[in-house]
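# A structural walkthrough
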Amino acid sequence: MESTAREDGRTSRRDFLRRTGIGAASLAVAGGAGFGIGAVTSGSARPEAPAEFTPLPERAEPGFDHVVVLMFENRSFDNVLGRVYSPAEKTQAEFDGVAQGDYANAAPDGTRIPAHVYSGTTDHIMQQPQPDPGETYPHVNTQLYDVVDPATNDDLRAHGLRAPYNAPPAGATATNEGFVRDYIINFRASMRREPTPAEYRVAMGGFSPDMLPVFSALARQFAVYDRWFAAVPSQTYCNRSFFHASTSHGFVVNHTDGSYAKWLNAPASATIFNRLEDAGISWRVYYDPTQLVSLTGLIHAPVLEKYWKTNFRDMTQFYADAAAGDLPAYAFIEPRMIFNHNDMHPPWGELRDGTLTLDDGTTVQIDNSAYSDVRAGDKLLQDVYDAIRTSASTTGSNAVNTALVVTFDEHGGIYDHVAPPKATPPDDSGAGEMGFTFDRLGLRAPSIVVSAYTAAGAVIHDEMHHGSVIATLCRQHGLKPLTARDDGARTIDNAVGLAHPRQPYTWPQPVALWQPPNPEAVAEDTTDAHRARPLTSPARGLLGLLMAKYAPGEPVPTTYGEAYDALQQHGRGLFGTTDEKPATGG
């Protein structure tokens, strides 16, 4: 049993290191009814599968029985996958990537800042953009329409945010030409100074395929979607809520006046989990064991709290389920969002190298306090993919009958050249927060489907959005739609294009560039310093929900140490962890 003891009023140093994954233990987790229809990048080499591999049984018809979704945080399509095919390989009609065109935004002096690949040292590149861009509804309005209304919204620290929240004029067409302008506005507010040209140029940056070898290999060797859009042109909680409930209850921002309680008090709208449960169809949500609680469970607490112990498990159980052929009909995976996060979210907080004085007067040494390394996310994708690729049960879930959907919640304020299309509002309740009527989607989210029945090199141009997985599961299992939004969504059956499956020994075996030691790794002798490391936005939000439910009125944790203490006090034991092994009699 893990100790929860405190030493002199402070968290046990050993327990803090063990639970947060800091130190020598490293950062990454080691590694119903079916649905049917009537060149690897650099760094992907691995030993070939043994010749005696026994092919897995084919399904009666092409398709899948199990769906696994891995959802990352805050990256646009152009940022992650926009260069996965060069113009020489595919034209814009064949793949709508940023490399297939000539895209730019204007600098304040009118000079042209083109979309480009990040440059610099490896560690610098893997933490871009720095600082985190604006991602809330008003910021996205500026990014898409190049509108700042009223004009005082260009200096949020001096004037605060005011209506109409940079909303575009009626009939305006999105041009995606306000990303640099908005990045400067957000930089000014968060860093309290004006950015240099080199600093705001990062707004137009992105990764090359060799920087993210696992993402790139899977996109090239399976199906990549170049028109999969987020549900809402705003931030995390709204989009994650839409992904499973097909509504965000009218909310367009994570919190209001610093409080996250609105999500806990939202209408008890059914989720796809509830639909599956009522139909007797298996489902699970897997979360990282270091954070003790699930963001999905908290966002949908009004309807999912009763399943926290029964249907929520940590990632240790996911790997066990995949190996044993016990994956449910639907599995949703949350990345690690709090300690040494691997969720791909851009950095948040200042790089506090040097000395920091805490509120109690204690002076500590700080290093690498706001790192956010995308290599850790690429490694998580490798681990999840490998777990499915090597799943060889002949009677349960396996590589042939499981579809892996990889996507992101939203674009995170990062440049993408494609304007979002119109959308069907989830209901007829009218305008929600900030006057938004939910009649247009968010920007493109990097999205891939991995399936044995998917041809290598597939590029799918169908318009998809965050209601597509709900629509897939409803169609697969004969369930009713949740709202008007998912009722008309396309399903991922468009990734099923082969009559016979590609046996997993022929699948690519890409290797992430992430290897311990990592810029986020922390030695045990710096524990005190790293209790003061700042949390990213998703981490603060997750803790904000926990505090709103179990310690209303108390401040939301902002550092590793505060987060650990809050999780130990309020989060331990709320959610299921691993399946209990049956007792053996003697």
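Structure report, in brief. (Residues numbered from 1 in each chain as written. Predicted model: local features only at pLDDT ≥ 70, side-chain atom pairs only at ≥ 80, totals over all residues. Heavy atoms only, no water.)

Mapping Thr483 onto the fold places it in the loop between helix H17 (468-477) and helix H18 (484-487). With relative accessibility at 16%, the residue Thr483 sits in the buried group. At 2.7 Å, the side chain of Thr483 forms a polar contact with the side chain of Ser246. (Helix = DSSP H or I, 4+ residues; strand = E, 2+ residues; numbered from the N terminus. Buried < 20%, exposed > 50% of the residue type's maximum accessible area, 1.4 Å probe, protein only. Polar contact = N/O pair within 3.5 Å; in protein donor to acceptor, adjacent residues only side chain to side chain.)

Let us look at H17. Of all 10 residues in H17, nine are buried; the element is thus mostly enclosed. Of the positions making up H17, those classed as buried are Ser468, Val469, Ile470, Ala471, Thr472, Leu473, Cys474, Gln476 and His477. Where H17 terminates, the next one or two residues include Gly478, which has phi positive at roughly 70 degrees.

Okay, the pattern of salt bridges next. The tally for this structure, following the rule as stated, stands at 21 salt bridges. Among the ionic contacts, a cluster of salt bridges with common partners joins Arg284, Arg313, Asp321 and Asp579. (Salt bridge = Lys/Arg side-chain N within 4 Å of Asp/Glu carboxyl O.)

Here we take up the nonpolar core. Ranked by internal contacts, the top residues of the largest apolar core, which has 147 residues, are Phe215, Phe318, Tyr330 and Val384. Looking at which element gives the most residues to this core, the answer is helix H16 (residues 374-389), with seven residues. Beyond its immediate chain neighbours, meaning those up to four positions away, Phe215 contacts Phe72, Val80, Leu81, Met344, Gly377, Asp378, Leu381, Val406, Phe408 and Ile448. (Core = buried A, V, L, I, M, F, W, Y, C linked by side-chain atoms within 4.5 Å. Contact = heavy atoms within 4.5 Å.)

For the pair helix H15 (residues 315-324) and H16, interaxial distance at closest approach is 9 Å and the crossing angle is 30 degrees. Here Met315, Phe318, Tyr319 and Ala322 of H15 lie close against H16, whose contacting residues are Leu380, Asp383, Val384 and Ala387. Class assignment for the residues of the contact of H15 with H16 results in seven nonpolar, no polar and one charged. (Axes fitted to C-alpha atoms, helices over the stretch in contact; angles between N-to-C directions. Nonpolar A, V, L, I, M, F, W, Y, C, P; charged D, E, K, R; others polar.)

This part covers the sheet that holds strand S5 (residues 66-72). With mixed pairing, the eight strands of this open sheet are ordered in space as S13-S12-S14-S5-S17-S18-S10-S19. Each edge of the sheet is formed by a strand with only one pairing partner; in this case those strands are strand S13 (312-314) and strand S19 (458-460). This sheet shows a mean twist of 20 degrees between the axes of neighbouring strands, independent of strand direction. Direction of pairing for strand S10 (residues 223-225) relative to S19: parallel, over a ladder of three bridges. Looking across to S19, one finds that Val224 is bridged to Val459. Seen against the sheet, H16 touches S5, strand S14 (330-333), strand S17 (402-408) and strand S18 (447-450) and runs at an angle of roughly 175 degrees to S5. Across the sheet, H17 lies against S5, S14 and S17, angled at about 170 degrees from S5, the strand it touches most. (Pairing = 2+ DSSP bridges.)

One pass over the structure, following the stated rule, counts 28 aromatic pairs. Taking 5.2 Å as the distance between ring centres and 80 degrees as the angle between the ring planes, the aromatic pair formed by Phe179 and Tyr415 counts as edge-to-face. Separated by 236 residues along the polypeptide, Phe179 in helix H6 (residues 179-191) and Tyr415 in the loop between S17 and S18 bring together distant segments of the chain. Each member of the pair, Phe179 as well as Tyr415, is classed as buried. Measuring from centroid to centroid gives 6.0 Å for Trp283 and Phe312, while their planes differ by 90 degrees, and the two rings are edge-to-face. Taken as a pair, Trp283 in strand S12 (residues 283-287) and Phe312 in strand S13 lie far apart in primary sequence, 29 residues in all. In this pair, the class of Trp283 matches that of Phe312, namely buried. An aromatic cluster is built from Phe273, Trp283, Tyr287, Tyr307, Trp308, Phe312, Tyr330 and Phe575, whose rings are joined through pairwise contacts. Positioned above the aromatic ring of Tyr85 is the side chain of Lys90, whose terminal nitrogen or guanidinium carbon lies 4.8 Å from the ring centre. (Phe/Tyr/Trp six-rings, centres within 6.5 Å; stacked < 30°, edge-to-face > 60°. Lys NZ or Arg CZ within 6 Å of the ring centre and 35° of its normal.)

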